[in-house]
Amino acid sequence: MARRKIRDIRHEELIAGTIRAVQAHGFAAVTMADIATEAGSTAPSITYYFGSKDRLMEDTMRHLLRLLRAAFLDRIRTARTPEDRLLAVVEANFADRLFTPAQCALWTQFWANAPHAPGLARLHRINRARVATHLDHALAPLVAPDRRDTVRHVLQSYMDGVWLEAAQSQTPPDAATARAEARAVARLLLSRPPETQTHQEK
């Protein structure tokens, strides 16, 4: 039991080191030695626990996806209205534990490299499908069917854009501000604009 617990702790330390190393060196350039330095470990130790750099990167991405899922579950438990459920989906993407400088850099670089790495591509597809399902379910009682796909697409694109901007910014991301702005965008999209009227000459 103790050995298993120590292994779990070591996994967490190596994943935390990976996040810092990717932020410092970039996904393409980071090496096992860089990760080992950040984690206070050695490259052979990383190989022992994860088998390869690719496996370590995939497990690190799974770590972020677990944080996202935990943030969603935490918010959805207290959602009482359809709008609350939609905001739970949106706000989860900007949870304090998730929306940090290092993890913004990691997330965007992983997704950029997903087309070239089958393991990351699979995680990307799973995550996109999961978020889309949550949004579709939340939007069903709020938005007419003919607008639902558009609203979902805009929300997903907005959230991706905020993460990308945060990863490129010189200023640390402010999770509380990001959540407030995301709420405003979601509520704006729920308001159907007035129909454009065309005036025909008589």
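For clarity, every value in this text was computed on a predicted model and none was experimentally measured.

A. Layout of the packing of helix H2 (residues 32–39) against helix H3 (residues 43–50). For the pair H2 and H3, interaxial distance at closest approach is 8 Å and the crossing angle is 95°. When the interaxial angle is binned, H2 and H3 end up roughly perpendicular. Note on element contacts: H3 touches H2 through Ala43, Ile46 and Thr47, opposite Met32, Ile35 and Ala36. Of the residues contributing to the contact of H2 with H3, the split by class is 5 nonpolar, 1 polar and no charged.

B. Up close: the packing of aromatic side chains. A complete count under the given rule lists 6 aromatic pairs for this structure. Centre to centre, the rings of Phe27 and Phe110 are 5.1 Å apart; their planes meet at 85°, and the pair counts as edge-to-face. With a gap of 83 residues between them, Phe27 in the loop between helix H1 (2–25) and H2 and Phe110 in helix H6 (residues 101–113) connect regions that are remote in the sequence. For the residue pair Phe27 and Phe110, the accessibility class agrees, reading buried in each case. Summarising the aromatic geometry, the rings of Phe99 and Trp163 are spaced 5.3 Å apart at their centres and angled 75° between planes, so their arrangement reads as edge-to-face. Of the two residues, Phe99 sits in the loop between helix H5 (82–92) and H6 while Trp163 sits in helix H8 (residues 145–168), which places them 64 residues apart along the sequence. Here Phe99 falls in the buried class, since its relative accessible area comes to 5%. The structure contains a cluster of three or more aromatic residues connected by ring pairs, namely Phe94, Phe99, Trp107, Trp111 and Trp163.

C. Focus on the confidence of the model for the protein. Across the protein, pLDDT averages 89, with 91% of residues at or above 70. The low-confidence segment residues 196–202, where pLDDT is below 50, has 0 contacts with residues more than four positions distant or belonging to other chains.

D. Layout of the side chain of Arg152. Position of Arg152 among the secondary structure elements: in helix H8. At 2.8 Å, the side chain of Arg152 forms a polar contact with the side chain of Asp136. Among residues more than four places away in sequence, those in contact with Arg152 are Ala132, Leu135, Asp136 and Leu139.

E. Representation of the nonpolar core in the model. Of all hydrophobic cores here, the largest spans 59 residues; its most connected members are Leu86, Phe99, Trp107, Leu135 and Leu155. At 9 residues, the largest contribution of residues to this core is made by helix H4 (residues 53–76).

F. Representation of the environment of Phe27 within the structure. Owing to a relative accessible area of 13%, Phe27 belongs among the buried residues under this scheme. For the pair Phe27 and Glu83, spaced 56 residues apart in sequence, the C-alpha to C-alpha distance is 37 Å. Phe27 has contacts with Val22, Lys53, Met57, Gln109, Phe110, Asn113 and Leu120, leaving out every residue within four places of it along the chain.

G. Spotlight on the pattern of salt bridges. Under the definition given, this model contains 11 salt bridges. Residues Arg62 and Asp59 are paired through a salt bridge, measuring 2.8 Å at the closest nitrogen-oxygen approach. One end of the pair, Arg62, and the other, Asp59, are both in helix H4, 3 residues apart, so they sit about a helical turn from each other. The exposure class of Arg62 is partly exposed, given its relative accessible area of 28%. In this structure Asp59 comes out as buried when scored by relative accessible area, which is 12%. Across the pair Asp160 and Arg128 runs a salt bridge, and its minimum N-O distance is 2.6 Å. Pair noted here: Asp160 is in helix H8 and Arg128 is in helix H7 (residues 118–139), with a separation of 32 residues, a long-range link. Given the relative accessible area of 37%, Asp160 is considered partly exposed. A single salt-bridge network, built from bridges that share partners, covers Arg55, Glu58, Asp59 and Arg62.

About the criteria used
Residues numbered from 1 in each chain as written. Predicted model: local features only at pLDDT ≥ 70, side-chain atom pairs only at ≥ 80, totals over all residues. Heavy atoms only, no water. Axes fitted to C-alpha atoms, helices over the stretch in contact; angles between N-to-C directions. Helix = DSSP H or I, 4+ residues; strand = E, 2+ residues; numbered from the N terminus. Parallel < 35°, antiparallel > 145°, perpendicular 65-115°, else oblique. Contact = heavy atoms within 4.5 Å. Nonpolar A, V, L, I, M, F, W, Y, C, P; charged D, E, K, R; others polar. Phe/Tyr/Trp six-rings, centres within 6.5 Å; stacked < 30°, edge-to-face > 60°. Buried < 20%, exposed > 50% of the residue type's maximum accessible area, 1.4 Å probe, protein only. pLDDT = per-residue confidence, 0-100. Polar contact = N/O pair within 3.5 Å; in protein donor to acceptor, adjacent residues only side chain to side chain. Core = buried A, V, L, I, M, F, W, Y, C linked by side-chain atoms within 4.5 Å. Salt bridge = Lys/Arg side-chain N within 4 Å of Asp/Glu carboxyl O.

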